[in-house]
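# Summary of the model geometry
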Amino acid sequence: MSKVIVGLSVSVDGFITGRDPGAGRGLGDAPMLFDWYFSGDTPSKVFDGFRMSEPSAPVFDALAGRVGATLAGRNTYDDSGWSTGGTPHPDAQLVVLSHRPAPQSNERQIFVSTGIEDAVTAAREAAGGKDVGLMGGGVTTAALAAGLVDEVILHQVPILLGAGRRFFQELPEHVNLNLLAAVPAPGVTHLHYEVVR
């Protein structure tokens with residue numbers, strides 16, 4: 001069965017956006033969370049235009065190559081400008097957990113309004129045997145609370161943002177993690193954990 005994984009760029013103090021994120025504003029005042037995607041000499045084998053450092057590229061490509069569908073919340077969807085039909089992954093379908101209807105019909109986007117369990121089920125079906133990648137703090141927290149997440153990957157950028165949207169929201173109980181790998185790289189440290197059940 002496919003795994004449910006989350007891999008996001010995050011500040012040391014736990015933010016995945018800066019102040020004032022939103023449609024047309026992206027990450028707000030924190031675009032540096034993605035600088036490591038474009039600050040190296042090694043091109044990604046999965047994402048055209050991404051040029052990372054030599055240590056970051058294989059970590060990123062291994063993760064991106066596993067993803068068959070991406071599951072995002074509505075805030076992430078709106079902030080990222082995907083309402084015109086885009087998706088965060090060049091080869092994976094996008095599933096959006098939202099109580100509001102889709103702005104338009106698109107064959108690469110599926111909207112689910114009946115909760116995180118149904119959204120993960122739809123994403124697993126869309127993934128075709130590959131893994132489901134989560135995007136956004138709300139979706140990640142809901143999936144963690146429901147016991148649906150298998151791996152957590154933090155691309156930790158060495159900055160304290162002080163404000164923004166937090167990666168992890170309040171959880172009903174502790175979630176234990178086991179460190180699988182830690183890869184230091186220029187401008188980012190890749191921390192790969194499995195969720196202990």
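The following refers to the structure shown. It should be emphasised that the depicted structure is a prediction, and the values quoted were computed from it without experimental measurement. (Residues numbered from 1 in each chain as written. Predicted model: local features only at pLDDT ≥ 70, side-chain atom pairs only at ≥ 80, totals over all residues. Heavy atoms only, no water.)

Our next topic: the pairing of strand E8 (residues 151-157). Among the 7 residues in E8, 6 count as buried, and that is most of the element. Bridging between strand E1 (residues 4-11) and E8 involves 7 bridges; their strand directions are parallel. Looking across to E8, one finds that Gly7 is bridged to Ile153. Sheet topology note: the E8/strand E10 (residues 188-195) ladder contains 6 bridges and is antiparallel. In the sheet register, Ile153 faces E10, and the bridge partner there is His192. (Buried < 20%, exposed > 50% of the residue type's maximum accessible area, 1.4 Å probe, protein only. Helix = DSSP H or I, 4+ residues; strand = E, 2+ residues; numbered from the N terminus. Pairing = 2+ DSSP bridges.)

What follows concerns the layout of surface pockets. As a volume, the largest pocket reaches approximately 1,000 Å³. As for the largest pocket, its lining consists of 41 residues, and the residues nearest its centre are Leu8, Thr76, Trp82, Met135 and Gly136. The dominant element in the lining of the largest pocket, judged by the number of residues it contributes, is E1, at 5 residues. The residue inventory of the lining of the largest pocket, partitioned by class, reads 21 nonpolar, 16 polar and 4 charged. (1 Å grid on protein atoms, 1.4 Å probe; cavity = no way out; pocket = protein on both sides within 12 Å on 5 of 7 lines; lining within 4 Å. Points joined across faces, edges and corners; volume = space filled by probe spheres on them. Nonpolar A, V, L, I, M, F, W, Y, C, P; charged D, E, K, R; others polar.)

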